Amino acid sequence: MSREALEEYLALFLSGKVRDFKLIDPREVVTGEWVRLKCQYGCDGYGMCLTCPPYSPEPQRTRRILDSYTRAVLLWQPESWQNLRRICADLERELFLSGYYRAFAMPSGPCELCDPCPREYPCRHPELARPSMEACGIDVYATVRKFGFPIEVVRARSCQANYYGLVLVE
């Protein structure tokens, strides 16, 4: 499918589900070893979920995976990170069924499907559970800024948050 045809397809599928999206080159996604440190030493969910570190892919592996793809969809949803997991998973499935058999989603934030996560295989929700971009070592701030999306540190509950998802397409 041409880039233009894929963009039209994505626009139809994502209409009303996200604020905006961009078809990007995944080799331009920024990764960093430090990102995983923020999970380990800044998040109370570290080790508490199969989609978070230490269970998620390490940054070096993520970089190799990203570099093996030629297209990705960066999704922006300022309203809620929780809906974004399902939107990313639905898009991954839709792309897979359309012939993009390597499609793979990485939403934002920790998995909220089980509370708490039993941390045992098999996962109870394999159709929806995916590691977050942050858990895989993706510098979400640098990446989304590179593509012109807004993001700032949320300093108070009254601040506008922005949530992102990434779906690899091949």
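In this text the structure is predicted, and so the values were computed from the model without any measurement. (Residues numbered from 1 in each chain as written. Predicted model: local features only at pLDDT ≥ 70, side-chain atom pairs only at ≥ 80, totals over all residues. Heavy atoms only, no water.)

Quick look at the packing of aromatic side chains now. Each aromatic ring pair is described using two quantities: the centre-to-centre distance and the angle formed by the ring planes. Going through the model one piece at a time under the given rule, you end up with two aromatic pairs. Aromatic side chains Trp76 and Phe149 sit 5.8 Å apart centroid to centroid with 50° between the ring planes, which places their arrangement in the tilted category. Of the two residues, Trp76 sits in strand 2 (residues 71-77) while Phe149 sits in the loop between helix 5 (140-146) and strand 4 (163-169), which places them 73 residues apart along the sequence. Taken together, a centroid distance of 5.7 Å and an interplanar angle of 55° make the contact between Phe149 and Tyr164 tilted. Of this pair, Phe149 sits in the loop between helix 5 and strand 4 while Tyr164 sits in strand 4, and the two are 15 residues apart along the sequence. Each member of the pair, Phe149 as well as Tyr164, carries the same accessibility label: buried. Of note, Arg19 hangs over the ring of Trp76, and the distance from its end group to the ring centre comes to 5.3 Å. (Phe/Tyr/Trp six-rings, centres within 6.5 Å; stacked < 30°, edge-to-face > 60°. Helix = DSSP H or I, 4+ residues; strand = E, 2+ residues; numbered from the N terminus. Buried < 20%, exposed > 50% of the residue type's maximum accessible area, 1.4 Å probe, protein only. Lys NZ or Arg CZ within 6 Å of the ring centre and 35° of its normal.)

What follows deals with helix 1 (residues 3-14). Over its twelve residues, helix 1 extends 16 Å from the first C-alpha to the last, a length consistent with the 16 Å expected when each residue adds 1.5 Å. Listing the buried residues of helix 1 in full gives Leu6, Leu10, Phe13 and Leu14. Along the long axis of helix 1, the arc covered by the buried residues comes to 85°, so they all point the same way. Facing away from the buried side of helix 1 by more than 90 degrees, the exposed set consists of Glu4, Glu8 and Leu12. (Expected span 1.5 Å × (residues − 1). Arc of directions from axis to C-beta.)

Take the pairing of strand 2 next. Of all seven residues that make up strand 2, seven are buried, and the element is covered over most of its length. Inspection of the sheet shows strand 1 (residues 20-24) paired to strand 2 by five bridges, in the antiparallel sense. Bridging across to strand 2, Ile24 finds its partner in Ala72. In this structure, strand 2 lies alongside strand 4, joined through seven bridges in antiparallel fashion. Counted as the bridge partner of Val73 is Val167 from strand 4. (Pairing = 2+ DSSP bridges.)

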